[in-house]
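# Fold and geometry: a report
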Amino acid sequence: MFYKMTRLALLGSLSLGLLAGCATSDSAAVYSQGQMRRAQTVELGTVVSVSNVKMEGKNNELLTLGGAALGGLAGSELGGGRGSIAGGIVGALAGGFGTQAAQRSLGTKNALEVTVKLDGSGRMISIVQDADIPLAAGQRVRVLTGSGDDRVVPF
């Protein structure tokens with residue numbers, strides 16, 4: 001029994017460590033190493049509106065698999081014979097779904113939906129990014145596009 005509990009605790013710690021290591025930034029002020037030294041197109045514009053939104057966390061299949069494995073191990077401790085098999089199946093399903101729900105809710109953060117009217121073309125665009133750079137309607141901004149990540153930053 002002690003061995004099984006130690007194994008469950010070790011797998012749980014590993015899963016939490018992986019979850020922390022998978023965190024990424026959606027900030028307009030943070031660049032990944034792959035975005036360094038890449039040209040971006042710059043367009044100037046004026047912020048039309050800024051709305052507070054929630055950015056849902058991302059699912060990590062490896063963590064979901066780990067949650068399912070932990071749930072299966074814990075569920076298999078219930079009963080004996082066929083009861084432990086059924087418990088393992090139910091535990092694996094509950095662990096997998098529970099891990100997915102936890103990743104979405106724990107990873108949820110405040111963000112901004114920024115609508116910008118671009119100079120020249122008058123085209124309107126909207127970008128969602130972390131709420132770490134204060135932006136307000138009427139503010140002049142630069143819209144940076146390229147490398148698959150667009151961002152709005154003060155001008």
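These lines cover the structure that appears in this document, whether it is placed above or below. A quick note: this is a predicted structure, and the numbers were derived from the prediction, not measured.

### Some details on a nonpolar patch on the surface
A grouping of Val42, Leu44 and Phe155 is seen on the molecular surface, where their side chains present a nonpolar patch of about 290 Å² in accessible area. Checked against the element boundaries, Leu44 lands in strand E1 (residues 41-55). Taking the relative accessible area as the measure of exposure, Leu44 reaches 30% and is therefore partly exposed.

### Considering the pattern of salt bridges
Evaluation of the coordinates by the stated rule reveals two salt bridges. Two residues, Arg123 and Glu43, come together in a salt bridge whose shortest N-O distance is 3.8 Å. Here Glu43 lies in strand E1 and Arg123 lies in the loop between strand E2 (109-118) and strand E3 (124-130), a separation of 80 residues in the sequence. Here Glu43 falls in the partly exposed class, since its relative accessible area comes to 25%.

### Topic: the pairing of E3
Pairing between E2 and E3: seven bridges, direction antiparallel. For Glu113, the partnering residue across the bridge sits in E3 and is Val128. Between E2 and the antiparallel strand that follows it, E3, lie five residues; Gly120 among them carries a positive phi value of about 80 degrees.

### A few points about the pairing of E1
Two strands pair when backbone bridges link them, and E1 and strand E4 (residues 140-145) are joined in this way by six bridges, in the antiparallel orientation. Bridge pairing in E4 links Thr46 to Arg140. As defined by bridge partners, E1 adjoins E2 across 10 bridges and the pair is classed as antiparallel. Bridging from a neighbouring strand, Asn52 pairs with Leu112 of E2.

Basis of the calculations
- Residues numbered from 1 in each chain as written.
- Predicted model: local features only at pLDDT ≥ 70, side-chain atom pairs only at ≥ 80, totals over all residues.
- Heavy atoms only, no water.
- Patch = residues over 30% accessible without salt bridge, like charges linked within 9 Å, V, L, I, M, F, W, Y side chains within 5 Å.
- Areas by Shrake-Rupley, 256 points an atom, 1.4 Å probe, with all protein chains shown as cover.
- Salt bridge = Lys/Arg side-chain N within 4 Å of Asp/Glu carboxyl O.
- Helix = DSSP H or I, 4+ residues; strand = E, 2+ residues; numbered from the N terminus.
- Buried < 20%, exposed > 50% of the residue type's maximum accessible area, 1.4 Å probe, protein only.
- Pairing = 2+ DSSP bridges.

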